[in-house]
Amino acid sequence: MRPYRVICHMETSLDGKINGNYLEIPNANYFAKQYEALHQTFNSKAWICGRVTFEKHITYGKQIDLSQYPDTFVPREDFVANTNAPAYAIAIDPSGKLGWEQGTIHEDYEERHGQHIITVLSENVSNQYLAHLRTIGVSYIFAGKSKRSDLKLALDKISQNYKINEFMLEGGGYINGSFLSAGLVDELSLILAPMVEGTSNSVALFEYGDNPFQPVVEFTLEKVEPLENGGLWLRYQLK
Ligand SMILES: NC(=O)c1ccc[n+]([C@@H]2O[C@H](COP(=O)([O-])OP(=O)(O)OC[C@H]3O[C@@H](n4cnc5c(N)ncnc54)[C@H](OP(=O)(O)O)[C@@H]3O)[C@@H](O)[C@H]2O)c1
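Now for a quick tour of the structure. (Residues numbered from 1 in each chain as written. Predicted model: local features only at pLDDT ≥ 70, side-chain atom pairs only at ≥ 80, totals over all residues. Heavy atoms only, no water.)

Remarks on the pattern of salt bridges
- Going through the model one piece at a time under the given rule, you end up with 11 salt bridges.
- With a closest N to O distance of 3.2 Å, arginine 5 and glutamate 187 form a salt bridge. On the criterion of sequence distance, the pair formed by arginine 5 in strand β1 (residues 5–12) and glutamate 187 in strand β7 (residues 187–192) is long-range, its members being 182 residues apart.
- Judged by its relative accessible area of 33%, arginine 5 is partly exposed.
- Accessibility expressed as a relative area gives 7% for glutamate 187, which makes it buried.
- Across the pair glutamate 218 and lysine 239 runs a salt bridge whose closest N-O atoms are separated by 3.6 Å. Of this pair, glutamate 218 sits in the loop between β7 and β8 (219–226) while lysine 239 sits in the segment after β9 (232–238), placing them 21 residues apart in sequence. (Salt bridge = Lys/Arg side-chain N within 4 Å of Asp/Glu carboxyl O. Helix = DSSP H or I, 4+ residues; strand = E, 2+ residues; numbered from the N terminus. Buried < 20%, exposed > 50% of the residue type's maximum accessible area, 1.4 Å probe, protein only.)

Here's what the structure looks like:
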């Protein structure tokens with residue numbers, strides 16, 4: 001039995017899509033606000049997103065000039081910059097692509113401003129990237145050597161080092177799929193917006209990429225709460 005639970009908290013359209021133009025229409029604003037408000041109802045002080053989501057919403061694709069750091073060997077040991085933060089934002093970024101500029105979430109993201117960043121890396125990232133993270137105060141942990149992180153190892157370490165017993169898994173679809181495949185999703189918290197957009201290239205709630213065979217995962221309905229504007233808040237437990 002793991003000493004922590006993982007709740008996948010997401011907003012989706014009626015056809016299970018998590019991105020696309022449906023999130024840009026005026027009525028979508030209400031659901032984005034509900035997403036944040038319902039996030040706050042959980043006791044968790046740690047949330048997890050994939051590299052693409054952080055790049056899109058937090059680092060805005062910024063790349064850091066690493067030539068300012070010497071290529072001196074940095075031991076592949078976890079770096080803990082802060083264990084006293086109000087909450088933790090956890091990025092799964094095996095190749096160290098995210099261009100962090102500070103150790104906390106910036107003020108553009110009002111509701112989560114000041115939360116401490118922990119990034120999950122593979123041991124193959126460069127010495128300069130690690131030197132940069134240490135300089136700006138981003139915590140990091142190593143979760144194996146490959147581009148597919150050992151997600152259980154990552155959560156085991158973070159749970160122990162930062163005293164976390166509940167994680168919010170908050171997308172996108174590919175990172176959600178990786179956690180589900182690894183048996184690391186215990187609950188679903190879905191904000192269902194009554195909208196459909198007929199595109200086939202948007203991302204679904206769980207995606208598996210080049211890992212096509214997946215066993216069926218079943219959930220038990222715990223709670224349905226109507227939202228305004230025709231939405232629903234759905235809570236499921238892993239069966
Ligand atoms: N509606 C919602 O509630 C919601 C919430 C969050 C995000 N979103 C949307 O979701 C979209 C992004 O979703 P996405 O699925 O494309 O991206 P994502 O899940 O945010 O990130 C995918 C990346 O995470 C890394 N990754 C995935 N599985 C991994 C594993 N097993 N081990 C190590 N690294 C792994 C890989 O990074 P590398 O490529 O660097 O290897 C992969 O490319 C955005 O449009 C965002 O706005 C919606």
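Digging into the environment of serine 44
- As for its position among the elements, serine 44 is in the loop between α1 (28–40) and β2 (46–50).
- Given a relative accessible area of 15%, serine 44 falls into the buried group.
- For the pair formed by serine 44 and isoleucine 164, sequence separation is 120 residues and the distance between their alpha carbons is 7.6 Å.
- In this structure the side chain of serine 44 is engaged in a polar contact, spanning 2.6 Å, whose partner is the backbone oxygen of glutamate 166. (Polar contact = N/O pair within 3.5 Å; in protein donor to acceptor, adjacent residues only side chain to side chain.)

Structural notes on unusual backbone geometry
- The omega angle of the peptide bond from glycine 171 to glycine 172 is 0 degrees, so this bond is cis rather than trans.
- Turning to its location among the elements, glycine 172 is positioned in the loop between β6 (166–169) and α5 (173–181).
- Residue tyrosine 60 is not a glycine yet carries a positive backbone phi of 55 degrees.
- Within the fold, tyrosine 60 resides in the loop between α2 (51–59) and β3 (88–92).
- The phi dihedral of asparagine 229 falls on the positive side, at around 60 degrees, and the residue is not glycine.
- Within the secondary structure, asparagine 229 is located in the loop between β8 and β9.
- A relative accessible area of 40% means that asparagine 229 is categorised as partly exposed.

Points about the site of the ligand
- Around the ligand, the surrounding shell holds 25 residues, and the nearest of these are Arg51, Thr53, His57, Ser149 and Tyr174.
- One of the side-chain N or O atoms of asparagine 19 is found 3.0 Å from an oxygen atom in the ligand.
- One of the side-chain N or O atoms of serine 178 is found 2.9 Å from a nitrogen atom in the ligand.
- The protein chains hide 87% of the 930 Å² of surface that the ligand would expose on its own.
- Every element with two or more residues in the shell around the ligand is listed here: β1, α2 and α5.
- It is α2 that provides the largest number of residues to the shell around the ligand, a total of 5 residues.
- Looking at the shell around the ligand residue by residue, the class counts come to 9 nonpolar, 9 polar and 7 charged.
- When residues of the shell around the ligand are assigned to domains, at least three map to each of domain 1 (1–44 + 164–239) and domain 2 (50–99 + 112–146). (Near = heavy atom within 4 Å. Areas by Shrake-Rupley, 256 points an atom, 1.4 Å probe, with all protein chains shown as cover. Nonpolar A, V, L, I, M, F, W, Y, C, P; charged D, E, K, R; others polar. Domains from an automatic or database assignment.)

Details of the sheet that holds strand β5 (residues 139–142)
- With mixed pairing, the 9 strands of this open sheet are ordered in space as β5-β4-β3-β2-β6-β1-β7-β9-β8. In this open sheet, the two edge strands, each paired with only one partner strand, are β5 and β8. Across the sheet, the axes of successive neighbouring strands diverge by a mean angle of 20 degrees, strand direction being ignored.
- Examined bridge by bridge, β1 and β7 share 6 bridges and lie parallel to one another. Bridge pairing in β7 links cysteine 8 to leucine 188.
- Across the sheet, helix α4 (residues 151–162) touches β1, β2, β3, β4 (116–121), β5 and β6, and the angle it forms with β5 is around 135 degrees. (Pairing = 2+ DSSP bridges. Axes fitted to C-alpha atoms, helices over the stretch in contact; angles between N-to-C directions. Contact = heavy atoms within 4.5 Å.)

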